[in-house]
Structure formats: structure tokens, C-alpha cells
Amino acid sequence: WHHAARGSILDGDIKDGIFYGVGTNGLLYQQPLKSMSTSSHWQQATSRGGVISIAIHEPTNLLYGVNGQGSLYKIPLNNLAGNGWVHVPHNGKCYHITISG
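Residues numbered from 1 in each chain as written. Predicted model: local features only at pLDDT ≥ 70, side-chain atom pairs only at ≥ 80, totals over all residues. Heavy atoms only, no water.

A count of helices and strands for the protein chain gives zero helices and eight strands. Each helix and strand of the protein chain, placed in order from N terminus to C terminus, yields the pattern β-β-β-β-β-β-β-β. Relative to a compact globule of 101 residues, whose C-alpha radius of gyration would be 13 Å, the protein chain shows 13 Å and is just as compact. Expressed as lengths along the three principal axes of its C-alpha atoms, the size of the protein chain is roughly 40 × 25 × 25 Å. Considering the protein chain as a whole, with its 101 residues, one finds that 41% of them fall into the buried category. Within the protein chain, counting contacts between residues at least 6 apart in sequence, those at least 24 apart form 40% of the total. Accessible surface computed for the protein chain: about 6000 Å², of which carbon and sulfur atoms make up 51%. Counting 6 positive and 4 negative side-chain charges, the protein chain places the averaged centre of each group 9 Å from the other. (Helix = DSSP H or I, 4+ residues; strand = E, 2+ residues; numbered from the N terminus. Rg over C-alpha atoms; globule rule 2.2 N^0.38 Å. Buried < 20%, exposed > 50% of the residue type's maximum accessible area, 1.4 Å probe, protein only. Contact = heavy atoms within 4.5 Å. Areas by Shrake-Rupley, 256 points an atom, 1.4 Å probe, with all protein chains shown as cover. Lys, Arg positive; Asp, Glu negative; His and termini not counted. Charge placed at Lys NZ, Arg CZ, Asp CG, Glu CD.)

With that settled, consider the nonpolar core. With twelve residues, the main nonpolar core is built from Y20, V22, L28, A45, V51, I54, I56, L63, I75, L77, L80 and W85. When residues in this core are grouped by element, the largest group, three residues, is from strand β5 (residues 51-57). Filtering out sequence-adjacent residues up to four positions away, I56 remains in contact with D13, I14, K15, Y20, L62, L63, L77 and I99. In terms of nonpolar packing, the next biggest core, distinct from the first, is built from eight residues, A55, L62, V66 and V88 among them. (Core = buried A, V, L, I, M, F, W, Y, C linked by side-chain atoms within 4.5 Å.)

Judged by pairing direction, the sheet is antiparallel, and its four strands sit side by side in the order β1-β2-β3-β4 without closing on themselves. Looking at which strands have only one partner, the edges of the open sheet turn out to be β1 (9-15) and β4 (43-44). With six bridges connecting them, β1 and strand β2 (residues 18-23) associate as antiparallel partners. Within the sheet, the bridge partner assigned to K15 lies in β2 and is I18. (Pairing = 2+ DSSP bridges.)

Moving on to the side chain of K15. Examined against the element boundaries, K15 turns out to sit in strand β1. The class of K15 is buried, set by a relative accessible area of 13%. At a separation of 3.0 Å, a polar atom in the side chain of K15 contacts the side chain of N61. Beyond its immediate sequence surroundings of up to four residues, K15 is in contact with Y20, I56, E58, N61 and L77. (Polar contact = N/O pair within 3.5 Å; in protein donor to acceptor, adjacent residues only side chain to side chain.)

Moving on: the sheet that holds strand β7 (residues 72-76). Spatial ordering of the open sheet is given by β5-β6-β7-β8, a layout of four strands whose pairing is antiparallel. A strand with exactly one partner marks an edge of an open sheet, and here the two such strands are β5 and β8 (86-88). Across this sheet, the average inter-strand angle for adjacent strands is 30°, counted without regard to direction. Here strand β6 (residues 62-67) pairs with β7 via five bridges, running antiparallel. Counted as the bridge partner of V66 is L72 from β7. (Axes fitted to C-alpha atoms, helices over the stretch in contact; angles between N-to-C directions.)

A full pass over the atoms with the stated rule returns one salt bridge. For the salt bridge of D16 with K15, the shortest nitrogen-to-oxygen distance reads 3.3 Å. Of the residues examined, D16 reaches a relative accessible area of 68% and is grouped as exposed. (Salt bridge = Lys/Arg side-chain N within 4 Å of Asp/Glu carboxyl O.)

Nothing here speaks to function; it is all geometry.
Pasting the structure below:
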């Protein structure tokens, strides 16, 4: 393993050549994968959030996130700046998310 970018990212996902990452402060950051380097800078994508894990559901263009209390949320990927996180009811607690298919 070696550093691919500067900063600390807890979790991330990629869509259309953009890497979306969860910072240690729970906010989402993004940067183009093709220009990512140890000297490139992350662009803040949300001003609130508090998530620890994310995954993108490509067919619906939704980004799902879970917080440290095990709650699940979703937000439109094309409107991250709008901070429109919506709680998704589910049974139990979720601390990591991965979407397949």
C-alpha cells in the first residue's frame, strides 16, 4: 500500500471518475480520480453529514451513508451541496455499507 492522496479518509466510493470520501470529521469530500495525488486537494462536498461509511447506488444516483449510531441516510449525488440527507428506516444498526449491482 502507498499514499494515493493527502489527508485522512475513512471510507469512499467512485462514480464517473470522481472519488467521494468521508473525512475524519464526517463530512464528504471529492476530487477527480485522474488528478488525485499526494499533493492534490480535496473539495468539500457537504457542510454537514456525520457519516462514517458511504456507498453509491448508481442506478438511482443516490449516495447512502451510515453514522456512528448505526443510522442509514441517503442523499442525491448530484445535490450534495444541498445537504438533503434523508433518514432511511431499517431494522437494526448499520456501521458499514457496500452496494452491489
